[in-house]
Amino acid sequence: MAPAAPIELPSPPPVTDRIALGALTSVFPPELVDRVIEETGRAEQRRRLLPARVVVYWVLALALYGHAAYEEVLRCLVEGLGWAVRARRGRRSWPYWHVPGASALAEARTRLGAEPLKVLFAQAARPLATQTTQGSCYRDWRLMILDGTCLDVPDTPENAAAFRRPGSSRGEGKGAFPQVRVVGLVEAGTHAIVDAAQGPYSTGEQTLARQLAHKGGRLGSGVLLLADRLFVGAELWQQMAATGADLVWRVKCASKTAPKLPVDQVLADGSWLSRLYAGTDRRKRHPIIVRVVEYTLADPGRRTSVDRYRLVTTILDPTLAPAHELAALYTQRWEVETTLGELKTTQRGSKQVLRSRTPELVAQEVWAHLLVHYALRAVMHTAALAEDLDPDRLSFIRSLRVVRRQVIARPAFSP
């Protein structure tokens, strides 16, 4: 009998196709990353040592390992693929691959740019809370919080010109580093940042927040948005309310810059109907009808024993949201400080400056940090649901350590 023809086995996939971020790959699957790369026109024309998908995952890993050098972070991504080395069949055949040098990695970051990370965040970052998520809703509303922060960027001529420096807190001139300003929309129940805008330090929070009031965004009917007093302004208020979301914002009280809120009608719960005007509406022809809730907090341990607070809301009917409930609800706004602290200090590193030396790469790095934070919060929310816990009860820093270990220990899938 003639010998049987040899069966040609399909070539195993390249090692780069197996690079992933452990548990975070479930939040940003390769199919989604490839689609975003194609949409933004960053797909490679030929097979490179660093395909665009690998560069995206590597840039996310840079945010996960903020203190490590370029090559070391990439080694973390391929550490779990040690099994591939034993299957090596020659320098030019599968699965030969080596970690490129720092200059090649820097060129890959520049080639990728910020747009794919921005689009990936827009497509992947969505509200996580379900009906069983504790602390995510008030009556029939999903709770969202609006707030902003600033991040230090390297002191290069390009960054200084693009982002500007803050003034020194001691009145000694300019700050040491330029800063990028980030305004985010945070889901109260999960602490996930589901939408964000970034810009130079010279751009105010109100200006950046207007970018979040876009069609098809995360704001809409059934959302109750909490915000601090620095966001109150007629133009931003109208833009946010036009999305269909209801607003509960704090306003300044008992100061020279506090808005005047005349008592037009006192309601049954002690709140009253009033009017806001835009600064440009000098003749008071276009009033914005709001409901005002005023209350005091008594705490003998504070510097002042009694503090007065004032809220304005689009919910004009007190039976839908009584004044005392809104006063208690507003305390959840302070939870956003924890979220921004996770992003700014725990994840990035205490007193750390971003590593990017050009404005385009600064934007890329900020989007990467936002994506990693969202993925961590998504993993934490899944774990909380499995144990029927409030996501607030889980430790962010412990979750961060677990995910960092998973990236090293596990490849994308089993060989």
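Our structure's up above, just so we're on the same page.
Residues numbered from 1 in each chain as written. Predicted model: local features only at pLDDT ≥ 70, side-chain atom pairs only at ≥ 80, totals over all residues. Heavy atoms only, no water.

Asks: Any chance you could explain helix α11 (residues 335-347) here in plain terms?
Replies: What sets the pattern is the α-helix's 3.6 residues per turn: residues three or four places apart point alike. Compared with the 18 Å implied by 1.5 Å per residue over 13 residues, the 17 Å span of α11 between its first and last C-alpha is a close match. Along α11, the helix axis deviates most sharply at G341, where the bend reaches about 35°. Here α11 has its buried residues at V336, T339, L340, E342, L343 and Q347. Count one or two residues on from α11 and you reach G349, which has phi positive near 115°. (Helix = DSSP H or I, 4+ residues; strand = E, 2+ residues; numbered from the N terminus. Expected span 1.5 Å × (residues − 1). Bend = angle between axes of the 7 residues up to and from the residue. Buried < 20%, exposed > 50% of the residue type's maximum accessible area, 1.4 Å probe, protein only.)

Asks: Help me understand empty space enclosed by the protein, please; the structure alone is not making it clear to me.
Replies: With a probe scaled to a water molecule rolled over the atoms, the places where space remains empty come into view. For the structure shown, the criterion picks out three cavities of 30 Å³ or more. By volume, the largest cavity amounts to about 60 Å³. Classifying every residue of the lining of the largest cavity gives three nonpolar, three polar and three charged. (1 Å grid on protein atoms, 1.4 Å probe; cavity = no way out; pocket = protein on both sides within 12 Å on 5 of 7 lines; lining within 4 Å. Points joined across faces, edges and corners; volume = space filled by probe spheres on them. Nonpolar A, V, L, I, M, F, W, Y, C, P; charged D, E, K, R; others polar.)

Asks: How should I be thinking about the pattern of salt bridges in this particular structure?
Replies: Summed over the entire model, instances satisfying the criterion amount to 14 salt bridges. In this structure, D228 engages R333 in a salt bridge whose closest nitrogen and oxygen atoms are separated by 3.9 Å. Residue D228 is found in the loop between β5 (223-227) and α9 (234-242), and its partner R333 is found in the loop between α10 (323-329) and α11; the two are separated by 105 residues along the sequence. In terms of burial, D228 and R333 fall into one category: buried. Note that E342 and R377 form a salt bridge whose closest N and O atoms lie 2.5 Å from each other. Here the residue E342 occupies a position in helix α11, and R377 occupies one in helix α12 (residues 359-387), the gap between them amounting to 35 residues. Using a relative accessible area of 6% as the deciding quantity, one classes E342 as buried. Linked by salt bridges that have partners in common, D147, D228, R333 and E337 make up one network. (Salt bridge = Lys/Arg side-chain N within 4 Å of Asp/Glu carboxyl O.)

Asks: Looking at this structure, I do not really get the packing of aromatic side chains. What am I missing?
Replies: For any two aromatic rings, the description comes down to two numbers: the centre-to-centre distance and the angle of the planes. What the rule picks out here adds up to six aromatic pairs. Centre to centre, the rings of W58 and Y70 are 5.0 Å apart; their planes meet at 85°, and the pair counts as edge-to-face. Here W58, found in helix α2 (residues 52-64), pairs with Y70, found in helix α3 (residues 70-78); they are twelve residues apart in sequence, far enough to count as distant. In this structure, W58 and Y70 share a single accessibility class: buried. (Phe/Tyr/Trp six-rings, centres within 6.5 Å; stacked < 30°, edge-to-face > 60°.)

Asks: How should the packing of α11 against α12 be read in this particular structure?
Replies: Following both chains from N to C, one finds α11 and α12 inclined at 115°, their axes separated by 11 Å at the closest point. It follows that α11 is roughly perpendicular to α12 by the angle criterion. Considering how the two elements wind past one another, α11 and α12 form a crossing that is right-handed. Of α12, the residues touching α11 (which contributes T339, E342, L343 and Q347) are H369, L370, V372, H373, L376 and R377. (Axes fitted to C-alpha atoms, helices over the stretch in contact; angles between N-to-C directions. Parallel < 35°, antiparallel > 145°, perpendicular 65-115°, else oblique. Left-handed = near helix turned anticlockwise from the far one by under 90°. Contact = heavy atoms within 4.5 Å.)

Asks: It is not clear to me how the side chain of R333 should be interpreted in this structure. Could you clarify?
Replies: On the basis of relative accessible area, R333 is assigned to the buried category, the value being 1%. Look past the residues within four positions of R333 in its chain and what remains in contact with it is I145, L146, D147, L226, A227 and D228.

These results come straight from atomic positions and should not be treated as a statement about function.
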